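Residues per chain are reported as follows:
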Number of protein chains: 2
Amino acid sequence: MDDPDTRALEGPVFVGARVALYPMADDYVDRILGAIGALAPWRESLTIDTDDLGTTMIGPPEPLFAAMRDLFVAVAETGVHVAMAATISRGCPGEPCDSRCATPRLPVDASPAPPPVEDRIAGALARVAAAPALGVPAAAQLSLYPLGAGHHMDEIEACIAFLKASGLGFAPRHFSSTLRGDSGPLFEALAEAFLAFGAPQGHVAMDLKVSANSPTAV
Amino acid sequence: MDDPDTRALEGPVFVGARVALYPMADDYVDRILGAIGALAPWRESLTIDTDDLGTTMIGPPEPLFAAMRDLFVAVAETGVHVAMAATISRGCPGEPCDSRCATPRLPVDASPAPPPVEDRIAGALARVAAAPALGVPAAAQLSLYPLGAGHHMDEIEACIAFLKASGLGFAPRHFSSTLRGDSGPLFEALAEAFLAFGAPQGHVAMDLKVSANSPTAV
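Predicted, not measured: the structure shown is a model, and the values here were computed from it.

Caption draft 1: Quick peek at the sheet that holds strand E2 (residues 47–51) of chain B. Residues and elements named next belong to chain B. Spatially, the eight strands line up as an open sheet ordered E2-E3-E1-E4-E8-E5-E7-E6, and their pairing is antiparallel. Each edge of the sheet is formed by a strand with only one pairing partner; in this case those strands are E2 and strand E6 (169–173). Pairs of neighbouring strands in the sheet enclose a mean axial angle of 20°, with direction left out of account. Pairing geometry for strand E5 (residues 137–147) and strand E7 (residues 176–182), over six bridges, is antiparallel. Residue Pro-137 lies in a different strand from E7, and its bridge partner there is Asp-182.

Here is the structure:
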(Lines give C-alpha, C1' and ligand atoms only; values in the text may rest on other atoms or scores of the structure.)
Protein backbone atom coordinates (compact mmCIF):
# COMPACT_ATOMS: atom_id res chain seq x y z
CA MET A 1 0.00 0.00 0.00
CA ASP A 2 2.91 2.35 0.48
CA ASP A 3 5.09 1.69 -2.54
CA PRO A 4 5.77 5.16 -3.98
CA ASP A 5 5.91 3.63 -7.45
CA THR A 6 2.38 2.32 -7.37
CA ARG A 7 0.11 3.91 -4.77
CA ALA A 8 -2.40 6.38 -6.11
CA LEU A 9 -1.90 9.91 -4.84
CA GLU A 10 -4.98 12.07 -4.53
CA GLY A 11 -3.14 15.14 -3.30
CA PRO A 12 -0.09 16.33 -1.38
CA VAL A 13 1.34 13.80 1.07
CA PHE A 14 0.70 14.41 4.77
CA VAL A 15 3.63 16.15 6.50
CA GLY A 16 4.13 17.04 10.13
CA ALA A 17 5.92 16.53 13.40
CA ARG A 18 5.49 15.76 17.06
CA VAL A 19 7.86 18.12 18.88
CA ALA A 20 8.81 18.24 22.57
CA LEU A 21 10.95 20.88 24.24
CA TYR A 22 12.92 20.13 27.40
CA PRO A 23 14.51 23.11 29.20
CA MET A 24 16.70 21.75 32.00
CA ALA A 25 15.65 24.37 34.57
CA ASP A 26 13.26 24.71 37.49
CA ASP A 27 11.25 27.34 35.57
CA TYR A 28 10.72 25.03 32.58
CA VAL A 29 6.96 25.73 32.41
CA ASP A 30 7.44 29.44 31.76
CA ARG A 31 10.25 28.71 29.32
CA ILE A 32 8.15 26.25 27.32
CA LEU A 33 5.14 28.58 27.24
CA GLY A 34 7.39 31.45 26.17
CA ALA A 35 8.91 29.38 23.38
CA ILE A 36 5.48 28.32 22.12
CA GLY A 37 4.82 32.03 21.73
CA ALA A 38 7.66 32.08 19.19
CA LEU A 39 5.47 29.87 16.97
CA ALA A 40 2.95 32.70 16.40
CA PRO A 41 4.32 33.70 12.96
CA TRP A 42 3.96 30.10 11.78
CA ARG A 43 0.34 29.53 12.74
CA GLU A 44 -0.85 30.67 9.30
CA SER A 45 1.27 28.00 7.56
CA LEU A 46 0.97 25.22 10.14
CA THR A 47 -1.78 23.62 12.22
CA ILE A 48 -0.34 23.59 15.76
CA ASP A 49 -1.74 21.80 18.82
CA THR A 50 0.01 21.29 22.16
CA ASP A 51 -0.65 18.52 24.71
CA ASP A 52 1.24 17.20 27.74
CA LEU A 53 3.71 15.15 25.67
CA GLY A 54 4.50 17.71 23.00
CA THR A 55 3.25 19.81 20.14
CA THR A 56 1.80 18.49 16.88
CA MET A 57 2.58 20.61 13.82
CA ILE A 58 1.01 19.82 10.43
CA GLY A 59 2.01 21.60 7.22
CA PRO A 60 4.68 21.99 4.54
CA PRO A 61 8.21 20.97 5.50
CA GLU A 62 9.75 24.41 4.94
CA PRO A 63 7.74 26.29 7.61
CA LEU A 64 7.74 23.14 9.75
CA PHE A 65 11.53 23.12 10.15
CA ALA A 66 11.62 26.92 10.50
CA ALA A 67 9.03 26.72 13.29
CA MET A 68 11.00 23.99 15.10
CA ARG A 69 14.10 26.16 14.76
CA ASP A 70 12.36 29.20 16.25
CA LEU A 71 10.86 27.13 19.08
CA PHE A 72 14.26 25.74 19.98
CA VAL A 73 16.22 28.98 19.56
CA ALA A 74 13.75 30.87 21.77
CA VAL A 75 15.02 28.84 24.74
CA ALA A 76 18.60 28.17 23.58
CA GLU A 77 19.40 31.86 23.13
CA THR A 78 18.78 32.46 26.85
CA GLY A 79 21.77 30.24 27.68
CA VAL A 80 19.90 27.54 29.58
CA HIS A 81 20.61 23.90 28.72
CA VAL A 82 17.74 22.78 26.49
CA ALA A 83 16.94 19.80 24.30
CA MET A 84 14.25 19.29 21.68
CA ALA A 85 13.06 15.88 20.49
CA ALA A 86 10.99 15.59 17.33
CA THR A 87 9.34 12.80 15.35
CA ILE A 88 8.93 14.12 11.80
CA SER A 89 7.04 12.30 9.06
CA ARG A 90 5.97 12.66 5.45
CA GLY A 91 3.91 10.39 3.24
CA CYS A 92 2.73 8.01 5.98
CA PRO A 93 0.21 5.69 4.29
CA GLY A 94 -1.92 5.82 7.44
CA GLU A 95 -2.56 9.54 7.02
CA PRO A 96 -4.77 11.16 4.35
CA CYS A 97 -3.41 13.37 1.59
CA ASP A 98 -3.72 16.97 2.77
CA SER A 99 -3.65 20.20 0.78
CA ARG A 100 -2.28 22.02 3.87
CA CYS A 101 1.02 20.21 3.32
CA ALA A 102 1.62 21.07 -0.34
CA THR A 103 5.17 21.99 -1.37
CA PRO A 104 6.82 22.04 -4.80
CA ARG A 105 9.63 20.00 -3.22
CA LEU A 106 7.31 16.99 -2.94
CA PRO A 107 5.28 17.15 -6.17
CA VAL A 108 2.24 14.92 -6.47
CA ASP A 109 2.84 14.31 -10.16
CA ALA A 110 6.57 13.70 -9.92
CA SER A 111 8.21 10.84 -11.70
CA PRO A 112 8.52 7.95 -9.24
CA ALA A 113 12.29 8.10 -9.58
CA PRO A 114 13.81 11.04 -7.67
CA PRO A 115 16.50 13.17 -9.39
CA PRO A 116 20.07 11.83 -9.41
CA VAL A 117 21.69 11.77 -5.99
CA GLU A 118 24.44 14.19 -7.07
CA ASP A 119 21.85 16.82 -8.06
CA ARG A 120 19.94 16.42 -4.80
CA ILE A 121 23.11 16.76 -2.73
CA ALA A 122 24.23 19.87 -4.67
CA GLY A 123 20.82 21.51 -4.19
CA ALA A 124 20.80 20.72 -0.48
CA LEU A 125 24.32 22.10 0.00
CA ALA A 126 23.37 25.35 -1.76
CA ARG A 127 20.39 25.86 0.54
CA VAL A 128 22.49 25.25 3.65
CA ALA A 129 25.15 27.70 2.42
CA ALA A 130 22.46 30.35 1.88
CA ALA A 131 20.89 30.00 5.36
CA PRO A 132 21.56 33.05 7.60
CA ALA A 133 23.48 32.43 10.82
CA LEU A 134 21.55 33.11 14.04
CA GLY A 135 24.43 33.22 16.52
CA VAL A 136 23.02 30.30 18.52
CA PRO A 137 25.17 27.15 18.31
CA ALA A 138 23.54 23.75 18.69
CA ALA A 139 24.14 20.04 18.27
CA ALA A 140 21.73 17.67 16.53
CA GLN A 141 21.40 13.90 16.48
CA LEU A 142 19.31 12.59 13.61
CA SER A 143 18.20 9.28 12.13
CA LEU A 144 16.44 9.19 8.76
CA TYR A 145 14.08 6.33 7.91
CA PRO A 146 12.95 6.00 4.28
CA LEU A 147 10.28 3.33 4.75
CA GLY A 148 8.67 0.81 2.48
CA ALA A 149 11.23 0.83 -0.32
CA GLY A 150 13.84 -1.86 -0.88
CA HIS A 151 16.67 0.64 -1.32
CA HIS A 152 16.41 2.46 2.01
CA MET A 153 20.12 2.15 2.88
CA ASP A 154 21.09 3.79 -0.45
CA GLU A 155 19.04 6.86 0.45
CA ILE A 156 20.45 6.91 4.00
CA GLU A 157 23.97 6.75 2.61
CA ALA A 158 23.22 9.57 0.16
CA CYS A 159 21.90 11.68 3.04
CA ILE A 160 25.05 10.98 5.07
CA ALA A 161 27.20 12.06 2.10
CA PHE A 162 25.28 15.36 2.10
CA LEU A 163 25.65 15.83 5.87
CA LYS A 164 29.40 15.18 5.68
CA ALA A 165 29.77 17.88 3.01
CA SER A 166 27.45 20.38 4.73
CA GLY A 167 30.16 22.34 6.56
CA LEU A 168 28.45 21.47 9.86
CA GLY A 169 30.45 19.33 12.26
CA PHE A 170 29.49 15.80 11.27
CA ALA A 171 30.16 12.68 13.30
CA PRO A 172 28.69 9.20 12.98
CA ARG A 173 27.02 7.65 16.01
CA HIS A 174 25.46 4.23 16.33
CA PHE A 175 21.97 4.40 14.77
CA SER A 176 22.34 8.12 14.01
CA SER A 177 24.50 11.02 12.87
CA THR A 178 25.42 14.17 14.76
CA LEU A 179 25.80 17.68 13.36
CA ARG A 180 27.12 20.75 15.16
CA GLY A 181 26.94 24.40 14.16
CA ASP A 182 24.90 27.57 14.07
CA SER A 183 21.16 26.92 14.44
CA GLY A 184 20.36 28.71 11.16
CA PRO A 185 22.27 26.45 8.74
CA LEU A 186 21.83 23.50 11.13
CA PHE A 187 18.04 23.48 10.82
CA GLU A 188 18.34 24.12 7.07
CA ALA A 189 20.49 20.99 6.84
CA LEU A 190 17.92 19.02 8.85
CA ALA A 191 15.14 20.18 6.51
CA GLU A 192 17.20 19.15 3.48
CA ALA A 193 17.99 15.73 4.98
CA PHE A 194 14.24 15.24 5.37
CA LEU A 195 13.19 16.63 1.96
CA ALA A 196 15.92 15.60 -0.47
CA PHE A 197 16.31 11.92 0.42
CA GLY A 198 13.74 9.17 0.13
CA ALA A 199 11.17 9.13 -2.68
CA PRO A 200 9.09 12.36 -2.97
CA GLN A 201 5.88 10.37 -2.52
CA GLY A 202 7.44 7.81 -0.18
CA HIS A 203 7.01 7.38 3.57
CA VAL A 204 9.99 9.05 5.27
CA ALA A 205 10.42 9.59 9.02
CA MET A 206 13.11 11.44 10.96
CA ASP A 207 14.03 10.94 14.62
CA LEU A 208 15.67 14.18 15.75
CA LYS A 209 17.20 15.50 18.95
CA VAL A 210 18.73 18.98 19.22
CA SER A 211 20.70 20.23 22.21
CA ALA A 212 22.23 23.57 23.23
CA ASN A 213 24.28 24.84 26.15
CA SER A 214 25.26 21.40 27.43
CA PRO A 215 27.96 21.70 30.08
CA THR A 216 29.66 18.66 28.54
CA ALA A 217 29.41 19.71 24.88
CA VAL A 218 32.54 19.00 22.87
CA MET B 1 21.15 -5.63 1.03
CA ASP B 2 18.78 -5.60 3.97
CA ASP B 3 15.99 -7.89 2.84
CA PRO B 4 15.50 -10.23 5.82
CA ASP B 5 14.49 -12.98 3.41
CA THR B 6 17.79 -12.99 1.57
CA ARG B 7 20.68 -11.39 3.40
CA ALA B 8 23.25 -13.74 4.86
CA LEU B 9 23.48 -13.59 8.64
CA GLU B 10 26.83 -14.41 10.19
CA GLY B 11 25.66 -13.99 13.76
CA PRO B 12 23.18 -12.16 16.01
CA VAL B 13 21.90 -8.87 14.61
CA PHE B 14 23.28 -5.67 16.15
CA VAL B 15 20.97 -4.23 18.82
CA GLY B 16 21.27 -1.04 20.81
CA ALA B 17 20.04 2.43 21.63
CA ARG B 18 21.01 6.05 21.91
CA VAL B 19 19.35 7.32 25.08
CA ALA B 20 19.09 10.87 26.46
CA LEU B 21 17.68 11.87 29.83
CA TYR B 22 16.23 15.33 30.41
CA PRO B 23 15.39 16.26 34.02
CA MET B 24 13.59 19.62 33.99
CA ALA B 25 15.41 21.04 37.01
CA ASP B 26 18.32 23.35 37.76
CA ASP B 27 20.27 20.45 39.29
CA TYR B 28 19.94 18.32 36.15
CA VAL B 29 23.66 17.45 36.07
CA ASP B 30 23.57 15.73 39.45
CA ARG B 31 20.29 14.03 38.55
CA ILE B 32 21.67 12.67 35.27
CA LEU B 33 24.87 11.45 36.88
CA GLY B 34 22.88 9.82 39.67
CA ALA B 35 20.61 8.07 37.17
CA ILE B 36 23.59 6.79 35.18
CA GLY B 37 24.65 5.14 38.43
CA ALA B 38 21.42 3.10 38.23
CA LEU B 39 22.87 1.44 35.12
CA ALA B 40 25.58 -0.32 37.14
CA PRO B 41 23.76 -3.69 37.32
CA TRP B 42 23.44 -3.70 33.53
CA ARG B 43 27.08 -3.10 32.63
CA GLU B 44 27.75 -6.83 32.46
CA SER B 45 25.03 -7.32 29.83
CA LEU B 46 25.42 -4.06 27.93
CA THR B 47 28.26 -1.95 26.55
CA ILE B 48 27.49 1.56 27.84
CA ASP B 49 29.18 4.82 26.79
CA THR B 50 28.00 8.35 27.61
CA ASP B 51 28.75 11.54 25.64
CA ASP B 52 27.29 15.06 25.63
CA LEU B 53 24.23 14.09 23.56
CA GLY B 54 23.31 10.88 25.33
CA THR B 55 24.28 7.34 26.21
CA THR B 56 24.94 4.52 23.77
CA MET B 57 23.90 1.07 25.00
CA ILE B 58 24.72 -2.06 22.96
CA GLY B 59 23.40 -5.51 23.85
CA PRO B 60 20.36 -7.79 23.91
CA PRO B 61 16.95 -6.08 23.88
CA GLU B 62 15.80 -7.52 27.21
CA PRO B 63 18.49 -5.89 29.41
CA LEU B 64 18.47 -2.87 27.08
CA PHE B 65 14.85 -1.98 27.88
CA ALA B 66 15.32 -2.86 31.55
CA ALA B 67 18.32 -0.51 31.71
CA MET B 68 16.37 2.30 30.06
CA ARG B 69 13.56 1.70 32.56
CA ASP B 70 15.93 1.89 35.53
CA LEU B 71 17.65 5.01 34.15
CA PHE B 72 14.30 6.75 33.72
CA VAL B 73 12.74 5.57 37.00
CA ALA B 74 15.81 6.72 38.98
CA VAL B 75 14.83 10.31 38.18
CA ALA B 76 11.04 9.92 37.84
CA GLU B 77 10.66 8.42 41.32
CA THR B 78 12.02 11.63 42.87
CA GLY B 79 8.96 13.51 41.57
CA VAL B 80 10.80 15.91 39.27
CA HIS B 81 9.46 16.37 35.73
CA VAL B 82 11.72 14.27 33.50
CA ALA B 83 11.71 13.05 29.92
CA MET B 84 13.78 10.41 28.18
CA ALA B 85 14.28 10.23 24.41
CA ALA B 86 15.69 7.09 22.83
CA THR B 87 16.56 5.90 19.34
CA ILE B 88 16.51 2.10 19.45
CA SER B 89 17.61 -0.15 16.59
CA ARG B 90 18.04 -3.79 15.67
CA GLY B 91 19.36 -5.41 12.52
CA CYS B 92 20.69 -2.22 10.88
CA PRO B 93 22.53 -3.39 7.74
CA GLY B 94 25.20 -0.76 8.41
CA GLU B 95 26.23 -2.45 11.66
CA PRO B 96 28.11 -5.77 12.00
CA CYS B 97 26.59 -8.88 13.51
CA ASP B 98 27.57 -8.94 17.18
CA SER B 99 27.58 -11.84 19.64
CA ARG B 100 27.03 -9.35 22.51
CA CYS B 101 23.47 -8.86 21.23
CA ALA B 102 22.34 -12.49 21.07
CA THR B 103 18.82 -13.28 22.26
CA PRO B 104 16.58 -16.30 21.60
CA ARG B 105 13.86 -13.79 20.66
CA LEU B 106 15.79 -12.88 17.49
CA PRO B 107 17.21 -16.23 16.34
CA VAL B 108 19.82 -16.21 13.62
CA ASP B 109 18.48 -19.40 12.08
CA ALA B 110 14.80 -18.46 12.23
CA SER B 111 12.51 -19.01 9.32
CA PRO B 112 12.30 -15.75 7.38
CA ALA B 113 8.57 -15.59 8.11
CA PRO B 114 7.82 -14.54 11.70
CA PRO B 115 5.17 -16.49 13.67
CA PRO B 116 1.50 -15.60 13.05
CA VAL B 117 0.53 -12.15 14.30
CA GLU B 118 -2.03 -13.58 16.75
CA ASP B 119 0.66 -15.68 18.46
CA ARG B 120 3.05 -12.76 18.69
CA ILE B 121 0.39 -10.51 20.19
CA ALA B 122 -0.64 -13.18 22.73
CA GLY B 123 2.97 -13.71 23.82
CA ALA B 124 3.57 -9.97 24.15
CA LEU B 125 0.40 -9.49 26.23
CA ALA B 126 1.42 -12.32 28.57
CA ARG B 127 4.83 -10.72 29.19
CA VAL B 128 3.27 -7.32 29.92
CA ALA B 129 0.78 -8.92 32.33
CA ALA B 130 3.65 -10.62 34.19
CA ALA B 131 5.76 -7.45 34.60
CA PRO B 132 5.91 -6.25 38.23
CA ALA B 133 4.54 -2.79 38.95
CA LEU B 134 7.10 -0.24 40.20
CA GLY B 135 4.75 2.42 41.55
CA VAL B 136 6.10 5.06 39.16
CA PRO B 137 3.56 6.16 36.53
CA ALA B 138 4.77 7.39 33.17
CA ALA B 139 3.62 8.26 29.66
CA ALA B 140 5.34 7.08 26.50
CA GLN B 141 5.15 8.19 22.89
CA LEU B 142 6.51 5.65 20.42
CA SER B 143 6.89 5.17 16.69
CA LEU B 144 7.97 1.81 15.28
CA TYR B 145 9.74 1.62 11.92
CA PRO B 146 10.14 -1.83 10.34
CA LEU B 147 12.49 -0.89 7.47
CA GLY B 148 13.31 -2.45 4.16
CA ALA B 149 10.29 -4.73 3.81
CA GLY B 150 7.30 -4.06 1.62
CA HIS B 151 4.79 -4.89 4.36
CA HIS B 152 5.90 -2.38 6.98
CA MET B 153 2.40 -0.97 7.59
CA ASP B 154 1.07 -4.48 8.34
CA GLU B 155 3.63 -4.88 11.12
CA ILE B 156 2.91 -1.39 12.46
CA GLU B 157 -0.81 -2.18 12.54
CA ALA B 158 -0.15 -5.48 14.34
CA CYS B 159 1.94 -3.63 16.91
CA ILE B 160 -0.84 -1.08 17.42
CA ALA B 161 -3.36 -3.94 17.95
CA PHE B 162 -1.04 -5.24 20.70
CA LEU B 163 -0.65 -1.82 22.32
CA LYS B 164 -4.43 -1.27 22.33
CA ALA B 165 -4.92 -4.61 24.13
CA SER B 166 -2.02 -4.10 26.57
CA GLY B 167 -4.05 -2.66 29.43
CA LEU B 168 -1.93 0.48 29.31
CA GLY B 169 -3.73 3.68 28.37
CA PHE B 170 -3.42 3.76 24.59
CA ALA B 171 -4.12 6.76 22.38
CA PRO B 172 -3.20 7.37 18.76
CA ARG B 173 -1.22 10.49 17.90
CA HIS B 174 -0.09 11.69 14.52
CA PHE B 175 3.03 9.70 13.57
CA SER B 176 3.04 7.86 16.90
CA SER B 177 1.10 6.13 19.67
CA THR B 178 0.97 7.02 23.35
CA LEU B 179 0.80 4.64 26.31
CA ARG B 180 0.24 5.51 29.97
CA GLY B 181 0.73 3.37 33.03
CA ASP B 182 3.11 2.01 35.62
CA SER B 183 6.73 2.08 34.44
CA GLY B 184 7.14 -1.67 35.01
CA PRO B 185 4.56 -2.97 32.51
CA LEU B 186 5.02 0.15 30.38
CA PHE B 187 8.67 -0.62 29.59
CA GLU B 188 7.78 -4.30 29.12
CA ALA B 189 5.22 -3.24 26.51
CA LEU B 190 7.84 -1.06 24.80
CA ALA B 191 10.29 -3.98 24.70
CA GLU B 192 7.58 -6.23 23.21
CA ALA B 193 6.64 -3.63 20.59
CA PHE B 194 10.31 -3.60 19.54
CA LEU B 195 10.88 -7.37 19.67
CA ALA B 196 7.66 -8.98 18.49
CA PHE B 197 6.95 -6.90 15.36
CA GLY B 198 9.04 -6.65 12.23
CA ALA B 199 11.04 -9.62 10.90
CA PRO B 200 13.43 -11.18 13.48
CA GLN B 201 16.38 -10.54 11.16
CA GLY B 202 14.97 -7.33 9.72
CA HIS B 203 16.00 -3.72 10.36
CA VAL B 204 13.62 -2.27 12.95
CA ALA B 205 13.94 1.12 14.64
CA MET B 206 11.92 2.72 17.44
CA ASP B 207 11.63 6.43 18.21
CA LEU B 208 10.66 6.67 21.89
CA LYS B 209 9.92 9.44 24.35
CA VAL B 210 8.92 8.79 27.96
CA SER B 211 7.71 11.46 30.39
CA ALA B 212 6.84 11.54 34.09
CA ASN B 213 5.54 14.14 36.51
CA SER B 214 4.37 16.56 33.84
CA PRO B 215 2.25 19.32 35.41
CA THR B 216 -0.09 19.07 32.41
CA ALA B 217 -0.38 15.27 32.26
CA VAL B 218 -3.88 13.99 31.55
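Caption draft 2: Expanded view of the packing of helix H2 (residues 61–76) of chain A against helix H5 (residues 183–196) of chain A. Residue and element names in this part refer to chain A. Interhelical geometry of H2 versus H5 gives an angle of 145° and a closest axis separation of 10 Å. Where H2 crosses over H5, the two elements pack in a sense that is right-handed. When H2 is examined against H5, the residues Pro-61, Glu-62, Phe-65, Met-68, Arg-69, Phe-72 and Val-73 are found in contact with a partner set consisting of Ser-183, Gly-184, Phe-187, Leu-190, Ala-191, Phe-194 and Leu-195. Partitioned by chemical class, the residues of the contact of H2 with H5 number 10 nonpolar, two polar and two charged.

Caption draft 3: Molecular detail of the interface of chain B and chain A. Contacts between the two partners involve 59 residues from chain B, matched on the other side by 59 residues from chain A. Overall, the association of chain B and chain A removes approximately 4600 Å² of surface from exposure, summing both partners, and the carbon and sulfur fraction of that is 63%. For the chain B face of the interface with chain A, the top three residues by lost area are Asp-52, Leu-53 and Phe-175 of chain B, together amounting to 17%. Put simply, chain B and chain A have four salt bridges between them. The closest approach of N and O atoms between Arg-173 of chain B and Asp-51 of chain A, which form a salt bridge, is 3.0 Å. Linking chain B with chain A are 13 residue pairs in polar contact (both at pLDDT 80 or more), by the criterion used here.

What counts and how
- Residues numbered from 1 in each chain as written.
- Chains lettered and ligands numbered in written order.
- Predicted model: local features only at pLDDT ≥ 70, side-chain atom pairs only at ≥ 80, totals over all residues.
- Heavy atoms only, no water.
- Pairing = 2+ DSSP bridges.
- Helix = DSSP H or I, 4+ residues; strand = E, 2+ residues; numbered from the N terminus.
- Axes fitted to C-alpha atoms, helices over the stretch in contact; angles between N-to-C directions.
- Left-handed = near helix turned anticlockwise from the far one by under 90°.
- Contact = heavy atoms within 4.5 Å.
- Nonpolar A, V, L, I, M, F, W, Y, C, P; charged D, E, K, R; others polar.
- Buried area = accessible area lost by both parts, 1.4 Å probe.
- Salt bridge = Lys/Arg side-chain N within 4 Å of Asp/Glu carboxyl O.
- Polar contact = N/O pair within 3.5 Å; in protein donor to acceptor, adjacent residues only side chain to side chain.

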